Amino acid sequence: MAKVNPGEFMNQVKAETNKVVWPTWPETVRTAILVLIMTTILGLFFLGVDTIFNGLVAWLLSLA
């Protein structure tokens, strides 16, 4: 890999940054809402799984 001087590096960074397609505000809000919904659903799912396993382990320990 060729070494470039700091000025050329900054020019390359600027050129690459100009290629980035930034999301619009509605896309950002929509994505944030989707993330909140999915994390809530997954949190409830894992709460249910944990509750079931907790009950199962408590039942198994009561047999001993």
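What you see is a predicted model; the values in this text were computed from it and never measured.

*Asks:* So what's going on with the overall build of the protein chain? Which residues, and what values?
*Replies:* For the protein chain, the count of helices and strands is two helices and zero strands. Here the protein chain has a C-alpha radius of gyration of 25 Å; the compact-globule value for 64 residues is 11 Å, and the former is much larger. Reported as C-alpha extents along the three principal axes, the dimensions of the protein chain are approximately 70 × 35 × 15 Å. Looking at the protein chain as a whole, 0% of its 64 residues qualify as buried. Put simply, the protein chain shows about 6,200 Å² of open surface, and 74% of that area lies on carbon and sulfur atoms. Here the protein chain holds 4 positive side-chain charges and 4 negative ones, and the gap between their average locations is 10 Å.

*Asks:* Tell me about the packing of aromatic side chains, and please be specific about residues and values.
*Replies:* Taken as a whole, this structure holds one aromatic pair when the rule is applied. Ring geometry for Phe45 and Phe46: centres 5.1 Å apart, planes at 70°, overall edge-to-face. Judged by its relative accessible area of 48%, Phe45 is partly exposed.

*Asks:* For the environment of Glu16, give the residues involved together with the corresponding values.
*Replies:* Inspection of the secondary structure puts Glu16 in helix α1 (residues 6-18). C-alpha of Glu16 to C-alpha of Leu34: the two residues are 18 residues apart in sequence and 29 Å apart in space.

*Asks:* Any chance you could break down a nonpolar patch on the surface for me, citing the residues and the numbers?
*Replies:* On the surface, Trp25, Val29, Ile33, Leu34, Ile37, Met38 and Ile41 cluster together into a nonpolar patch covering about 710 Å² of accessible area. Secondary-structure assignment places Ile41 in helix α2 (residues 25-63). Assessed through its relative accessible area of 47%, Ile41 is described here as partly exposed.

Cut-offs used in this document
- Residues numbered from 1 in each chain as written.
- Predicted model: local features only at pLDDT ≥ 70, side-chain atom pairs only at ≥ 80, totals over all residues.
- Heavy atoms only, no water.
- Helix = DSSP H or I, 4+ residues; strand = E, 2+ residues; numbered from the N terminus.
- Rg over C-alpha atoms; globule rule 2.2 N^0.38 Å.
- Buried < 20%, exposed > 50% of the residue type's maximum accessible area, 1.4 Å probe, protein only.
- Areas by Shrake-Rupley, 256 points an atom, 1.4 Å probe, with all protein chains shown as cover.
- Lys, Arg positive; Asp, Glu negative; His and termini not counted.
- Charge placed at Lys NZ, Arg CZ, Asp CG, Glu CD.
- Phe/Tyr/Trp six-rings, centres within 6.5 Å; stacked < 30°, edge-to-face > 60°.
- Patch = residues over 30% accessible without salt bridge, like charges linked within 9 Å, V, L, I, M, F, W, Y side chains within 5 Å.
- Salt bridge = Lys/Arg side-chain N within 4 Å of Asp/Glu carboxyl O.

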